[in-house]
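# Architecture at a glance
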Amino acid sequence: MQDKNGNAGKGADAKKDSGLDRHWHLARTPVEMDVAELEYALMRAFEAFGRWQTECLSTVLDLTASGPENAMLHIIRMNDRPKTLKDIARLSNREDIPNMQYSLRKLIGAGLVERTGSGRSGVTYTVTPAGRDITDRYADIRAALLVKAVQSVPNLGKRLQDAAETLDLLTGIYEQVARTAATHRRLPR
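Now for a look at the structure at hand. (Residues numbered from 1 in each chain as written. Predicted model: local features only at pLDDT ≥ 70, side-chain atom pairs only at ≥ 80, totals over all residues. Heavy atoms only, no water.)

### Digging into the side chain of Lys-83
Mapped onto the elements, Lys-83 comes out in the loop between helix 3 (67–77) and helix 4 (85–92). Buried within the structure, Lys-83 lacks any salt-bridge partner; its nearest side chain of opposite charge belongs to Asp-87, at an N-O separation of 6.9 Å. Looking at Lys-83, its side chain comes within polar contact range of the main-chain oxygen of Met-78, at 2.5 Å. (Helix = DSSP H or I, 4+ residues; strand = E, 2+ residues; numbered from the N terminus. Buried < 20%, exposed > 50% of the residue type's maximum accessible area, 1.4 Å probe, protein only. Lys, Arg positive; Asp, Glu negative; His and termini not counted. Salt bridge = Lys/Arg side-chain N within 4 Å of Asp/Glu carboxyl O. Polar contact = N/O pair within 3.5 Å; in protein donor to acceptor, adjacent residues only side chain to side chain.)

What follows is the structure, encoded as structure tokens:
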């Protein structure tokens, strides 16, 4: 079934029939409603994920670290290879280098990460033995709580794979439209 704009909104029609009002300024058509609901779900999931990371790390370490700082620690440990700041930024899809440098100083100060080398391209970061212990203990808590919860939901593994593929696709779409928006930004009046 199509709406008055010619959009096929099967999912939107099903939700409309449930009595829920999905219209708002970002959701004027069925397709806009679907995108807005996904974005709203992403916002909530991002915040829940950050809280999970903070709480899980707090079970193994007395350090107040944000979700992105926790992610940075695990990215540095990933594959047990040293990472440059550029590597960390690329792997985490971040551009906020000053904030990343602050987080690195915090992780170094906590004794979890060490900086080696000098110069712009010669500096790398690795986890310390204490950082290795903390990330191993984090992995244990993660397996006991999160992975166990995921395994208790039938067929969730396939859905997670599909979700990861969809999020990767959307990441590319968001990157492209962000470049387009930046290219065609209005000049200040």
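### Quick word on the pattern of salt bridges
Summed over all chains, the structure comprises nine salt bridges. Between Arg-90 and Asp-87 there is a salt bridge, and its shortest N-O distance comes to 3.6 Å. Placement of the pair is Arg-90 and Asp-87 together in helix 4, with a separation of three residues, close to one helical turn. Arg-90 gets classed as exposed once you look at its relative accessible area, which sits at 54%. The partner of Asp-96 in a salt bridge is Arg-94, with the nearest N and O atoms 2.8 Å apart. Linked by salt bridges that have partners in common, Arg-77, Asp-80, Arg-132 and Asp-136 make up one network.

### Details of helix 3
The periodicity of an α-helix, 3.6 residues per turn, causes residues three or four positions apart to be oriented the same way. Counting buried positions along helix 3 yields eight of 11 residues, so the element is predominantly enclosed. Every buried residue of helix 3 is listed here: Gly-67, Glu-69, Asn-70, Met-72, Leu-73, Ile-75, Ile-76 and Arg-77. Residues of helix 3 that are buried in the fold lie against helix 2 (30–58), helix 4, helix 5 (97–109), strand 1 (113–116), strand 2 (124–127) and helix 7 (129–151). Directly after helix 3, the chain includes Asn-79, whose backbone phi takes a positive value near 60°. (Contact = heavy atoms within 4.5 Å.)

### Here's the deal with the layout of surface pockets
Once rolled over the atoms, a probe with the size of a water molecule shows which space is left empty. Looking at the largest pocket, its volume works out to about 1,600 Å³. If you go around the largest pocket, you meet 37 residues; those closest to its centre are Ala-45, Phe-46, Phe-49, Gln-53 and Leu-167. Here the lining of the largest pocket gets 11 residues from one element, more than from any other, and that element is helix 2. For the lining of the largest pocket, a count of residues per class yields 24 nonpolar, eight polar and five charged. (1 Å grid on protein atoms, 1.4 Å probe; cavity = no way out; pocket = protein on both sides within 12 Å on 5 of 7 lines; lining within 4 Å. Points joined across faces, edges and corners; volume = space filled by probe spheres on them. Nonpolar A, V, L, I, M, F, W, Y, C, P; charged D, E, K, R; others polar.)

### As for the packing of aromatic side chains
If you walk through the whole model with that rule in mind, you get zero aromatic pairs. The ring of Tyr-40 is capped by Arg-44, whose NZ or CZ atom sits 4.2 Å from the centre of that ring. (Phe/Tyr/Trp six-rings, centres within 6.5 Å; stacked < 30°, edge-to-face > 60°. Lys NZ or Arg CZ within 6 Å of the ring centre and 35° of its normal.)

### Structural notes on the nonpolar core
One finds Ile-76, Ile-88, Leu-112 and Tyr-125 to be the most contacted residues of the largest nonpolar core, which totals 23 residues. Elements supplying a minimum of two residues to this core: helix 2, helix 3, helix 4, helix 5, strand 2 and helix 7. Of all the elements, helix 3 adds the most residues to this core, at four residues. Ile-88 has contacts with Met-72, Ile-75, Ile-76, Lys-83, Met-100, Leu-104 and Tyr-125, leaving out every residue within four places of it along the chain. (Core = buried A, V, L, I, M, F, W, Y, C linked by side-chain atoms within 4.5 Å.)

### Some thoughts on the side chain of Asn-70
Looking at the secondary structure, you find Asn-70 in helix 3. Contact partners of Asn-70, with chain neighbours within four places excluded, come to Gln-53, Thr-54, Leu-57 and Tyr-138.

Geometric descriptors of this kind do not, in isolation, establish any biological role.
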